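Each chain, letter by letter, is given below.
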Amino acid sequence: MCGILAVFGCVDNSQSKRSRIIELSRRLRHRGPDWSGLHCHDNCYLAHQRLAIVDPASGDQPLYNEDKTVVVTVNGEIYNHRKLREKLTSHQFRTGSDCEVIAHLYEEYGEEFVDMLDGMFSFVLLDTGDKSFIAARDAIGITPLYMGWGLDGSVWFASEMKALSDDCERFISFPPGHIYSSKQGGLRRWYNPPWFLEHIPSTPYDPLVLREAFEKAVIKRLMTDVPFGVLLSGGLDSSLVAAVASRYLVESEAACQWGSQLHTFCIGLKGSPDLKAAREVADYLRTRHHEFYFTVQEGIDALEEVIYHIETYDVTTIRASTPMFLMSRKIKSLGVKMVLSGEGSDEIFGGYLYFHKAPNKEELHQETCRKIKSLHLYDCLRANKSTSAWGVEARVPFLDKEFINLAMNIDPQWKMIRPDLGRIEKWVLRNAFDDEQKPYLPKVGVIVTFCTGLSILVLKSLLQKEQFSDGVGYSWIDGLKDHANQQVTDSMLSHASFVYPENTPTTKEAYYYRTIFERFFPKNPARSTVPGGPSIACSTAKAVEWDAAWSKNLDPSGRAALGVHEAAYEEAVQAKNVTVMNGPQQKIQGTVENTATVA
């Protein structure tokens, strides 16, 4: 992960302007501590702060075509760069960087090459021949990008808001799946999958096809020339990432450099659900597991730094970002520069607890579409900026472009939560990896009358799903609320609508975060980059309509929907005889006597 800053059309192109660009680029150095680069052409500037993951020796940026008439600065990874090079045999490459291919693709295909890229990226490219430029962001918005406009008519692009907020009169979060062209004079969408229009798909569910697509997504993300690992919370999503990575690591090029034992990382308050669950999975996979601990006070002490780096005042994002921020610092101290993470699965498969209330498959599918479209404002923002704050790159296999297109084309009736059929949240994913011959995850004998026990994938049918901010320890959120109550008075909250008329905070915790954010980013455009609206357990505002009672209990924590989850399984848990789905067709009978606490 890197930091990019680009400015075009400055009235002032003096040495002082160059110095100012360098100064602003340094605000992004945490994202790329390995190298700083700058290219100037008349009144155009492209600056880069590099985190070297692929080709550390020669891949410094900005990057160029053969005669240096095309200049590009890139944040991200292009996983199919080798295949793309095969299409560019007439071009001469200067480095082994995966990102250099962008300059040559532009030279060969013009502006319409972006859909050929498979990866996570945001980039800015200058064609010095006519001083035209383009900027683009990946399909989902895994990597951050902001766009701004100066009073002198200049156009700005930066990986983080802090690099352009002082010098731009207006700025926005660059929309995912879009390209900006100075020639065409505006933004246009380059990523147009069928699911984006929220049409209801009808493709039958094939568990093996889904499994193979996810394995492929994980394997391609093992492309690295530096030490790496997996963020393992012990939940389904991160456990599957770790299981697949561990299984295929030995066959990868990375194993030749860094060994075939996977490193896994987890953080939590002592005794938290995540730590226990992650340890069980790590023991089964035989990873080199690293446990990190933090206290509520340590998290509170880090809040200002966290908000400065993640650039949001959204309550749920800050709650979850803080442990991830603290963990990333520890990971970097071990010499690790890249990690795989499990973001995106809940949005694709309807994994949040509130999906139990989805009235039909049409509304479930439309809600998953809305959630994916807003990922760049929430989970992608958190995962990227919390890790990049310490020079660590997070890769997210569930948000692989090909995998999303396949998973979102499945008839959503298979994603519906049906306890009567043994289908719990994310059943299609659990079922795809429920391999009796070669299990991906450990067998856990929690239902004692089953002689073989049940895999973690099936075990979760009887257990509550944890959000990351809950799983690190329940006292974390309670501690944040208590601290905010000490900082914000009743009078302050009662006048919140006058102080913050846009996205008015409704709780003392939200008010407290907003005051910190406004201190760092006081301009109107900054606060407008943060989404608002009612939410229940991470839902969109539209999904709040699924249950009339939710509008009276708008809490972003997963605990707000706990009653929904428990009610859905009440019959199964209390009944003497329980039927649990264990594979596409197979059913097993048994008696519930004990369950383990697995997040």
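Rules behind the numbers
- Residues numbered from 1 in each chain as written.
- Predicted model: local features only at pLDDT ≥ 70, side-chain atom pairs only at ≥ 80, totals over all residues.
- Heavy atoms only, no water.
- UniProt positions renumbered as here; feature names shortened; annotations may be inferred.
- Pairing = 2+ DSSP bridges.
- Helix = DSSP H or I, 4+ residues; strand = E, 2+ residues; numbered from the N terminus.
- Axes fitted to C-alpha atoms, helices over the stretch in contact; angles between N-to-C directions.
- Contact = heavy atoms within 4.5 Å.
- Salt bridge = Lys/Arg side-chain N within 4 Å of Asp/Glu carboxyl O.
- Buried < 20%, exposed > 50% of the residue type's maximum accessible area, 1.4 Å probe, protein only.
- Phe/Tyr/Trp six-rings, centres within 6.5 Å; stacked < 30°, edge-to-face > 60°.
- Parallel < 35°, antiparallel > 145°, perpendicular 65-115°, else oblique.
- Nonpolar A, V, L, I, M, F, W, Y, C, P; charged D, E, K, R; others polar.
- Core = buried A, V, L, I, M, F, W, Y, C linked by side-chain atoms within 4.5 Å.
- Left-handed = near helix turned anticlockwise from the far one by under 90°.

If you look the protein chain up in an unreviewed UniProt entry, it shows as Asparagine synthetase [glutamine-hydrolyzing] from Rhododendron griersonianum. On record in UniProt, under Catalytic activity (unreviewed entry), the comment for the protein chain is "L-aspartate + L-glutamine + ATP + H2O = L-asparagine + L-glutamate + AMP + diphosphate + H(+)". Quoted verbatim from the Pathway (unreviewed entry) field of the UniProt record, the comment on the protein chain reads "Amino-acid biosynthesis; L-asparagine biosynthesis."

1. A word on the sheet that holds strand β13 (residues 228-231)
Pairing within the open sheet is parallel, and its five strands lie in the order β15-β14-β13-β16-β17. Edge strands, defined here as strands with exactly one partner in the open sheet, are β15 (288-293) and β17 (393-395). Going from strand to strand, the sheet's axes swing by 30° on average, the running direction of each strand aside. Pairing of strand β16 (residues 338-340) with β17, which is carried by three bridges, proceeds in the parallel orientation. Paired with M338 across the two strands is E393, which belongs to β17. The strands that helix α10 (residues 315-333) touches are β13, β14 (263-268), β15 and β16; relative to β14, the one it contacts most, it runs at about 140°.

2. Quick look at the pattern of salt bridges
Enumeration according to the criterion identifies 39 salt bridges in this entry. The closest approach of N and O atoms between K162 and E311, which form a salt bridge, is 3.0 Å. In this pair, K162 sits in the loop between β9 (155-158) and β10 (170-173) while E311 sits in the loop between α9 (303-310) and α10, placing the two residues 149 residues apart along the sequence. Each member of the pair, K162 as well as E311, is classed as buried.

3. A few points about the environment of L28
Its place among the elements puts L28 in the loop between α1 (15-26) and β2 (35-41). In sequence terms L28 and G3 are 25 residues apart; their C-alpha atoms lie 5.4 Å from each other. Setting aside its immediate chain neighbours within four residues, L28 contacts G3, I4, L5, Q49, S159, E160, K162 and A163.

4. Quick notes on the pairing of strand β5 (residues 70-78)
Burial analysis of β5 places nine of its nine residues in the buried class, the great majority of the element. Direction of pairing for strand β4 (residues 63-64) relative to β5: antiparallel, over a ladder of two bridges. Following the sheet pairing, L63 is matched in β5 by V72. Pairing between β5 and strand β6 (residues 119-127): nine bridges, direction antiparallel. By the bridge assignment, N75 is partnered in β6 with S122.

5. Examining the packing of aromatic side chains
The geometry of an aromatic ring pair is captured by two quantities: the separation of the ring centres and the angle between the planes. Inspection of every chain in the model, using the stated rule, returns 36 aromatic pairs. For the pair W190 and Y191, a centre-to-centre distance of 5.8 Å together with 55° between the ring planes defines the contact as tilted. When sorted by exposure, W190 lands in the same class as Y191, which is buried. Ring plane angle 15° and centroid distance 6.3 Å describe the contact between W414 and W427, whose orientation is recorded as stacked. Of this pair, W414 sits in the loop between α14 (401-407) and α15 (427-432) while W427 sits in helix α15, and the two are 13 residues apart along the sequence.

6. Quick notes on the UniProt feature "binding site: ATP" (unreviewed entry) in the protein chain
Under the present numbering, the feature "binding site: ATP" (unreviewed entry) in UniProt falls on L231, I267, S341 and G342. Following the sequence through the fold, L231 ends up in strand β13. When near neighbours in sequence (up to four residues on either side) are disregarded, L231 contacts S238, F265, M324, M327, I331, V339, L340 and S341. Relative to the helices and strands, G342 is located in the loop between β16 and α11 (345-349). Its relative accessible area of 14% is what places G342 among the buried residues. Not counting chain neighbours up to four residues away, the residues in contact with G342 comprise D237, V241 and F398.

7. Comments concerning the UniProt feature "site: Important for beta-aspartyl-AMP intermediate formation" (unreviewed entry) in the protein chain
When the UniProt feature table is mapped onto this chain numbering, "site: Important for beta-aspartyl-AMP intermediate formation" (unreviewed entry) sits at E343. The contact partners of E343, leaving out residues within four places of it in the chain, are M324, D379, R382, A383, V396, F398 and L399.

8. Observations concerning the packing of helix α18 (residues 474-487) against helix α21 (residues 508-520)
At a minimum axis separation of 8 Å, α18 and α21 run at an interaxial angle of 70°. With respect to their mutual orientation, α18 and α21 come out roughly perpendicular. Facing L480, K481, H483, A484, N485 and Q487 of α18, the residues of α21 in contact are K508, E509, Y512 and Y513. Of the residues assigned to the contact of α18 with α21, the class counts are four nonpolar, three polar and three charged.

9. Some details on the nonpolar core
Judged by nonpolar contacts, the single largest core of 87 residues is most densely connected at I102, F123 and I140. The residues touching F123, leaving out its near neighbours within four places in the chain, are I4, V72, T73, V74, I102, F113, V114, L117, I134, A135 and A136. Residues I310, W476, Y511 and Y512 belong to the second largest nonpolar core, which totals 59 residues.

10. Thoughts on unusual backbone geometry
Residue P62 follows Q61 across a cis peptide bond; omega there is 5°. Looking at the element boundaries, P62 is found in the loop between β3 (44-50) and β4. Of note, D55 is a non-glycine position whose phi angle comes to about 55°, a positive value. In this structure, D55 sits in the loop between β3 and β4. On the basis of relative accessible area, D55 is assigned to the buried category, the value being 14%.

11. With respect to the packing of helix α4 (residues 207-220) against helix α5 (residues 236-249)
At a minimum axis separation of 9 Å, α4 and α5 run at an interaxial angle of 70°. With respect to their mutual orientation, α4 and α5 come out roughly perpendicular. The hand of the α4/α5 crossing is right-handed. When α4 is examined against α5, the residues F214, E215, V218 and I219 are found in contact with a partner set consisting of L240, V241, V244, A245 and Y248. In terms of residue class, the contact of α4 with α5 is built from eight nonpolar, no polar and one charged.

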